[in-house]
Amino acid sequence: MSNAMQAVIWFEELRRSDIGKVGGKNSSLGEMIQTLSQKGVSVPAGFATTADAYWNYLDANDLRQSIAALVADWQEGKAGLAETGAAIRKLFLQGDWPKETADAIVASYGALSRRAGSDDVAVAVRSSATAEDLPDASFAGQQETFLNIQGEKALLDSCRRCYASLFTDRAISYRQTKGFDHMKVALSIGVQQMVRSDLGGSGVMFSIDTETGFEKIVLINAAWGLGENVVQGTIDPDEYQVFKPLLQDTSLRPIIAKACGAKDKKMIYGSGAAPTINVPTSKVERAAFVLEDEAILQLARWAVAIEEHYGCPMDMEWARDGKDGQLFIVQARPETVQSIRQGGSFKSYAIKRKGLKLAQGLSIGDAIVSGRVCLIETARDIDKFIDGSVLVTSTTDPDWVPVMKRAAAIVTDHGGRTSHAAIVSRELGLPAVVGTGNATEIFHAGQEVTVSCAEGEKGFIYDGVAEYEEKTLDIADLPATRTQIMLNLANPGAAFRWWRLPADGVGLARMEFVISNAIRIHPMALVRYANLKDEAAKKEIAALTQGYDDKRDYFVDNLARGLARIAAALHPKPVIVRMSDFKTNEYAGLLGGAEFEPKEENPMLGFRGASRYYSPRYREGFALECRAIRKLRNEFGFRNVVVMIPFCRSVGEAEKVLSIMAENGLKRGVDGLEIYVMCEIPSNVILAKDFAQQFDGFSIGSNDLTQLTLGVDRDAGDLADLFDEQDPAVKWMIRTVITEATKAGAKIGICGQAPSDHPDFAGFLVECGIDSISVSPDSFIAVKRKVAEAEQRRFGESGRISA
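In this text the structure is predicted, and so the values were computed from the model without any measurement.

Asker: Help me understand the overall build of the protein chain in this model?
Answerer: When helices and strands are counted, the protein chain shows 29 helices and 32 strands. A globule of 803 residues ought to have a C-alpha radius of gyration of about 28 Å, and the protein chain, at 30 Å, matches this closely. Relative to its full complement of 803 residues, the protein chain shows a buried share of 58%. Summed over all atoms, the accessible surface of the protein chain reaches about 31000 Å², with 48% contributed by carbon and sulfur. Between the centroid of the 91 positive side chains of the protein chain and the centroid of its 106 negative side chains there is a distance of 2 Å.

See the structure below:
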């Protein structure tokens, strides 16, 4: 080579267009330093060796012909993959550095050390292939990274090992699968000043929801120490979700999910032959979040800035210096799975009949698969894998990719959504459940199981072969409708799966689902915790609320965040949140609940809905619900949330509830707050005009309205034939309240089961002039088309909407 600058280029001299010179990883670091520093994004300094330096190393050691011959023998079946990879790597490791390349690396390292005020600055040495980080290939972990490298000799040795890692078995296999010519891919080496995250924390961040492709979310994983454990999936990290559209307002804090991971070990600096080591974390570290809210929001804003600059969803790695608390982005590359999915249709899966739940973890993908377990505990045994089995293992690394391709599903003990197992499973289109904690201990080879990733953020493994349904939802060329078609949602973990549906909002978000599944504790047991008599419940509540000085805040935070994910899914369209509507027997089933609930003969007609909210028995619990809604709207920024009161028996009761809400900071009309009432009692219809003076709108609950109009217990099997939402008396009720609400200028919709169960019922509702119909997501398309047909008959018009 003619001069040193052909061998080495400083990051700040690189741009994104230099991928051919220094690969995707290094060109991206240069791009960020040059263009995003002014936006506050911090990237550690460093330099890159060029592709020319790689080819020069090959030519100086006369390796091209030898490598090509070894690859050709493997491709022709004359040699095995392991044998071929080992032979090529040995050639690299026995090679000598051309003097001009070695001098350039050493000189640049010296300059980097002087910049850092050190004799031998610690650096990260990372591989960056010239075919890496392209939109349709992640190359996740295919080449090596070496951390905490100090000194000229150690640096040159690590650089040589980086070159050799271009021919790891997994890298050879990956390139072959993706159709890359092995002899046309070069390797650049990034030498980057280490961030002292061994004293702080680090992790991975995506500017898109990794499972659903929901584009309005930043997903952050975090762990103590260096970031390799997160990337490799050997620990269960913290997880945070941030809603991007509300980040622009710095007065808001739209962190809509926080989950504390086990984080049972951390990678720190070692010495000598072991520059990094893993050590156990302390109990305090395991129980604490790695990042405080301000740091989470700062990283999320950086993710948005990086995504906007690159014009596509991004996969980033970050690190926090434990000495000064400063955050850095250490890698950024395009996300390669969700961003290229087609949006015209998608598959939906639903479990119908299932066996005993054996394990659970984080769901990757959204499919359901049944198969026999193949338990493989180490990479040495992957040749024992049986094609089409459910692969169960502790964790995976790139060496596992060839066997992962042959699996029906993957289950791991450890790892988060950004771990190697998760990334590769997504790219292969396989359902996976990661971070189960103990899958390798409880499953045995040959056991029949069903892996379900179709039930939200949690994935489940059930005993035996489950019965499930698979549907293809085609949202292309759906008709436009005057009547708003909305969704009924309850599970925050599944809400993002439906963001592609062109729904007009959420017509019913069920608060009680969040309370029973995410909180699990009766709110009054938190208010009166000190006086609880049930010691077992008290102990369990103490464990669940660990980290909260005021246990009431546990309820408020978790309820607000659970509802926030539903509010985010279709933002800025309206999301109608129904305040809690448990019956007393259901409330009693919550932790600590038995002490606060009366025993009733008929809970359906008892102490439920609005009557609880002003009662001394529950008034303080309702105040916590109101605090959560206030946090949801004012602190997170979800002003699209509408509040709805269930089972309100009289106008006087409405006045009491609205007064209590105002006392708790939820006053109708202030900050645009709308309050609706469920229309599910005949009195709501009979006095619709009066109720319309108290509320902004009605939502018809067809189930309760039917049973109370016909006097039929909806759960009574012997009377099932009499329970009919299409009975003339029920239809008279519905028609009447729609007419009265329209006259009064109040909004009127329906969120009951009738339109979902009977799509033809939608025609009757259109004829009555209803404003909105809210249905289960799997009924949305059928109801939308039925409504369009009814509107065509009524109004003589039709339209189309794009997917």
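Asker: Sorry if this is basic, but what is going on with the nonpolar core here?
Answerer: Across soluble globular proteins, nonpolar side chains show a tendency to be buried alongside one another. Core analysis: the biggest nonpolar cluster contains 110 residues, and Phe638, Ile645, Phe698, Ile700 and Ile773 have the highest contact counts within it. If one sorts the elements of this core by residue count, helix α18 (residues 551-569) sits on top with 11 residues. Excluding residues within four positions of it along the chain, Ile700 makes contact with Cys679, Leu705, Ile734, Val737, Ile738, Ile748, Gly749, Ile750, Cys751, Gly752 and Ile770. Counting residues in hydrophobic clusters, the runner-up holds 43 residues, among them Ala7, Ala51, Leu155 and Val185.

Asker: Can you help me understand the environment of Met194 in this one?
Answerer: Along the polypeptide, Met194 turns up in the loop between β5 (187-193) and β6 (201-206). When the C-alpha atoms of Met194 and Gly672 are compared, they prove to be 49 Å apart, with 478 residues separating the residues in sequence. With sequence-adjacent residues up to four places away left out, Met194 is seen in contact with Ala122, Val123, Ala124, Leu147, Asn148, Leu226 and Tyr269.

Asker: Teacher, can you tell me more about unusual backbone geometry here?
Answerer: Across residues other than glycine, the phi torsion is negative in most instances, and most of the peptide bonds are trans. In this structure, Pro572 follows His571 across a cis peptide bond, with omega equal to 10°. With phi around 45°, Lys263 is a residue other than glycine that occupies positive phi space. Residue class for Lys263 comes out buried when judged on its relative accessible area of 0%. The phi dihedral of Asp477 is positive, around 60°, even though this residue is not glycine. When you line up the elements, Asp477 lands in the loop between β22 (467-474) and β23 (478-480). Classification of Asp477 as partly exposed rests on a relative accessible area of 46%.

Asker: I keep staring at the pattern of salt bridges and nothing clicks. Help me out?
Answerer: If the charged atoms of two oppositely charged side chains come close together, the side chains can form a pair. Going through the model one piece at a time under the given rule, you end up with 45 salt bridges. A salt bridge links Asp381 to Lys384; the shortest N-O distance between them is 3.7 Å. When its relative accessible area of 56% is taken as the criterion, Lys384 is described as exposed. One salt bridge in this structure joins Asp550 and Arg552, with 2.9 Å as the shortest N-O distance. Looking at Asp550, the relative accessible area reads 26%, which means it is partly exposed. Given the relative accessible area of 35%, Arg552 is considered partly exposed. Beyond isolated ion pairs, a larger network of salt bridges with shared partners links Arg253, Lys258, Asp293 and Glu294.

Asker: Where do I start with the sheet that holds strand β29 (residues 697-700) in this structure?
Answerer: Note: strands within a sheet are paired through backbone hydrogen bonds, in either parallel or antiparallel orientation. Taken together, the 8 strands give a closed barrel; going around it, the order is β24-β25-β26-β27-β28-β29-β30-β31, and neighbouring strands pair in parallel fashion. Averaged over all pairs of adjacent strands, the angle between their axes in this sheet comes to 30°, without regard to strand direction.

Asker: What should I look at first to understand helix α15 (residues 511-519) in this one?
Answerer: Owing to its 3.6 residues per turn, the α-helix aligns residues three or four sequence positions apart on the same side. Inspection of α15 places Met511, Glu512, Val514, Ile515 and Ile519 among the buried residues, and these make up the whole buried set. Down the axis, α15 shows its buried residues gathered within 160° of arc, on one side only. Where the residues of α15 are buried, they touch α14 (492-495), β25 (506-510), α17 (535-544), α18, β26 (575-578) and α21 (619-635). Phi turns positive, to about 75°, at Arg520, one or two residues after α15.

Asker: Hey, could you run me through the confidence of the model for the protein chain in this one?
Answerer: Do not read the fine detail of predicted coordinates wherever pLDDT is low. Scored by pLDDT, the protein chain has a mean of 92; 96% of the residues are at 70 or more. Low pLDDT (under 50) marks residues 1-5, which in the prediction has 9 contacts with non-local residues, meaning those over four places away or in another chain. Every residue in residues 132-139 scores below 50 in pLDDT, and together they form 31 contacts with partners more than four places removed in sequence or on other chains.

Asker: What exactly am I supposed to notice about the packing of aromatic side chains here?
Answerer: Centre distance and the angle of the planes are the two values used to describe a pair of aromatic rings. For the structure on display, the rule yields 19 aromatic pairs. A ring pair is formed by Tyr54 and Trp55, whose centres lie 5.0 Å apart and whose planes are at 70°; its orientation type is edge-to-face. When the centroid spacing of 5.1 Å and the interplanar angle of 40° are considered together, the rings of Phe243 and Phe638 count as tilted. A residue pair is termed long-range when its members are at least 10 positions apart, and Phe243 in strand β8 (residues 238-243) and Phe638 in the loop between α21 and β27 (641-645) qualify at 395 residues. Phe243 sits in the buried class, given a relative accessible area of 0%. Three or more aromatic residues link up through ring pairs in this structure, and these residues are Tyr54, Trp55, Tyr57, Phe92, Trp97, Tyr163 and Phe167. Above the face of the Trp10 ring, Arg115 is positioned so that its terminal group lies 4.2 Å from the ring centre. Sitting over the ring of Tyr529, Lys538 keeps its end group 5.3 Å from the ring centre.

What counts as what
- Counting starts from 1 at the beginning of each chain's written sequence and moves along it residue by residue.
- For this predicted model, a pLDDT threshold of at least 70 governs which residues receive local features, and a threshold of 80 or more governs which side-chain atom pairs are given and counted, while totals over whole chains, interfaces and linings are taken from all residues.
- Side-chain descriptors were evaluated using all non-hydrogen atoms of the structure, hydrogens and water having been removed beforehand.
- Only DSSP runs of H or I reaching four residues or more are called helices, and only runs of E reaching two or more are called strands; each is numbered from the N terminus.
- Values of the radius of gyration come from C-alpha atoms, whereas the globule rule sets the reference at 2.2 Å times the count of residues to the power 0.38.
- The rule is simple: take the accessible area with a 1.4 Å probe, protein chains only, and divide by the maximum for that residue type; under 20% is buried, over 50% is exposed, in between is partly exposed.
- Method for areas: the Shrake-Rupley scheme with a 1.4 Å probe, in which residue coverage is limited to the protein chains shown.
- Only four residue types enter the charge count, namely Lys and Arg as positive and Asp and Glu as negative; His and the chain termini do not.
- Charged groups are reduced to one reference atom each: NZ for lysine, CZ for arginine, CG for aspartic acid, CD for glutamic acid.
- To qualify as a nonpolar core, a set must consist of buried Ala, Val, Leu, Ile, Met, Phe, Trp, Tyr and Cys residues joined through side-chain atoms within 4.5 Å.
- Should any heavy atoms of two residues lie within 4.5 Å, those residues are counted as being in contact.
- Definition used for salt bridges: Asp or Glu carboxyl oxygen within 4 Å of a side-chain nitrogen of Lys or Arg.
- When DSSP finds at least two bridges between two strands, those strands are taken to pair.
- Each axis is a line fitted through C-alpha atoms, taken for helices only over the stretch in contact, and angles between the N-to-C directions span 0 to 180 degrees.
- Directions are taken from the helix axis to each C-beta atom, and the arc is the one they span.
- pLDDT is defined as a per-residue confidence score from the predictor, taking values between 0 and 100.
- Aromatic rings from Phe, Tyr and Trp, taking only the six-membered ring of Trp, are treated as a pair when their centres fall within 6.5 Å; an angle between ring planes under 30 degrees marks them as stacked, one over 60 as edge-to-face, and anything in between as tilted.
- By the criterion adopted, a ring carries a charge over it if an Arg CZ or a Lys NZ lies within 6 Å of its centre and within 35 degrees of its normal.

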